[in-house]
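Listed here are the chains, written in short residue letters.
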Amino acid sequence: MNETRKPWHGVIVATSLPFNDDLTVDFAAYGDNVAWLAEQGLHGVAPNGSLGEYQTLTYEERDRVVETAIANAPDGFTVMPGVGAYSGTEAKRHAQFAKDAGCQAVMCLPPNAYRADDRAVLEHFELVASVGLPVTAYNNPIDTKVDLRPELLAKLHAEGLIVGVKEFSGDVRRCYEISELAPGLDLMIGTDDTLLEVGLAGAKGWVAGYPQVFPKACLALYNASVAGDLATALPLYRQLHPVLRWDSKTEFVQAIKLGQEMIGRRGGICRPPRQPLSLETEATVRAVTQVLIDAGVS
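A.B. asks: What's the story with the pattern of salt bridges in this structure? I'm lost.
C.D. replies: If charged atoms from side chains of opposite charge come close, those side chains can pair. As enumerated under the stated definition, the model contains 12 salt bridges in all. We note a salt bridge from D32 to R265, for which the minimum N-O separation is 2.7 Å. Here D32, found in helix α1 (residues 27–39), pairs with R265, found in the loop between α11 (252–262) and α12 (279–294); they are 233 residues apart in sequence, far enough to count as distant. Note that D171 and R173 form a salt bridge whose closest N and O atoms lie 2.9 Å from each other. With relative accessibility at 67%, the residue R173 sits in the exposed group.

A.B. asks: Even after reading the chapter, I still don't get α12, so can you show me in this structure?
C.D. replies: One turn of an α-helix holds 3.6 residues; hence residues three or four places apart share an orientation. When the terminal C-alpha atoms of α12 are compared, their 22 Å separation across 16 residues agrees well with the 22 Å that a helix rising 1.5 Å per residue should span. Listing the buried residues of α12 in full gives T281, V285, T289 and L292. All buried residues of α12 fall inside an arc of 50° around its axis, so they share one side. Pointing more than 90 degrees away from the buried face of α12 are the exposed residues L279, E280, V291 and D294. On its buried face, α12 sits against α10 (230–244) and α11.

A.B. asks: Explain the environment of L161 here, please?
C.D. replies: By the element assignment, L161 lies in the loop between α6 (150–158) and β6 (164–167). Excluding residues within four positions of it along the chain, L161 makes contact with L122, F125, E126, A129, V135 and L156.

A.B. asks: Looking at this structure, how should I read the sheet that holds strand β7 (residues 186–189)?
C.D. replies: In any sheet, the strands associate via hydrogen bonds between backbone groups, in a parallel or an antiparallel arrangement. In spatial order, the strands read β3-β2-β1-β8-β7-β6-β5-β4; together these eight strands make up an open sheet with parallel pairing. The open sheet has two edge strands, β3 (78–79) and β4 (106–108), and neither has a second partner. Note that strand β1 (residues 10–13) and strand β2 (residues 44–45) share two bridges and pair parallel. Following the sheet pairing, I12 is matched in β2 by G44.

A.B. asks: Where do I start with the packing of α1 against helix α2 (residues 59–71) in this structure?
C.D. replies: In a packed pair of helices, the relevant descriptors are the angle between the two axes and the axis-to-axis distance. The contact between α1 and α2 brings their axes to 9 Å, and the two run at 40°. By the criterion of interaxial angle, the relationship of α1 to α2 is oblique. Crossing of α1 against α2: the hand is right-handed. In this structure, α1 uses F27, Y30, G31 and V34 to contact α2, whose residues at the interface are E61, R64, V65, T68 and A69. In the contact of α1 with α2, the residues fall into five nonpolar, two polar and two charged.

Cut-offs and rules
- Residues numbered from 1 in each chain as written.
- Predicted model: local features only at pLDDT ≥ 70, side-chain atom pairs only at ≥ 80, totals over all residues.
- Heavy atoms only, no water.
- Salt bridge = Lys/Arg side-chain N within 4 Å of Asp/Glu carboxyl O.
- Helix = DSSP H or I, 4+ residues; strand = E, 2+ residues; numbered from the N terminus.
- Buried < 20%, exposed > 50% of the residue type's maximum accessible area, 1.4 Å probe, protein only.
- Expected span 1.5 Å × (residues − 1).
- Arc of directions from axis to C-beta.
- Contact = heavy atoms within 4.5 Å.
- Pairing = 2+ DSSP bridges.
- Axes fitted to C-alpha atoms, helices over the stretch in contact; angles between N-to-C directions.
- Parallel < 35°, antiparallel > 145°, perpendicular 65-115°, else oblique.
- Left-handed = near helix turned anticlockwise from the far one by under 90°.
- Nonpolar A, V, L, I, M, F, W, Y, C, P; charged D, E, K, R; others polar.

What follows is the structure, encoded as structure tokens:
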């Protein structure tokens, strides 16, 4: 590992969480998945994010997920838990646990119980930042209905509340505006299917879904993209895009878990309210994933 790498830089995998048939968490399988991702050369994990179905977990389960990730992370491998919660006091509580457990940073959604205004967003991040860990913001206006606009991100950064942003709006144009308004704020790729575009825009990291299915190919694609090596990146991006785009669809958790199962890793079922993929959707995801497996992509 590069000792000079900041904890939120590089490919940080937004990990899925395997459940048993009775919907209890399979912590042993989760720990094994974390260790495997480290072995593949990736830079860290972000547990308890949307892919980890955090909304369905109890405090005790969320805590144990973090502890399991830490226990299976080798030296230099980042554990950056999501601390998303309805209230700022809850989010602060999760950030404090992460700090006490030995995590290097946290990832924070804005308050999402309602369409919060800028004052509520600022207070929310003030509470989380007060714990003392570096905070990366997670902008997902599609799901949260709260848009961390470039000017709001710049204010959060100027106040010393965030060090980076996982940009999930899908609008690559705003990446340049973020860099102009807050040059010191680290841009992180948030949607797998805009990896090349955001990488070329100056990203320092990728909070990623599909590297837990195709880790080596995704790592090669990330490295080529941020290096501006289009000769390497573009054909690989075209090859991977039929699966990468599922990271931005409603069924992203189920799709990625299916991919994990197809390569022999533990993906498992989802907790309600997420439903199994429809037969038609499963067939589509399975087909595009199998094409890559048959081509020797790993």
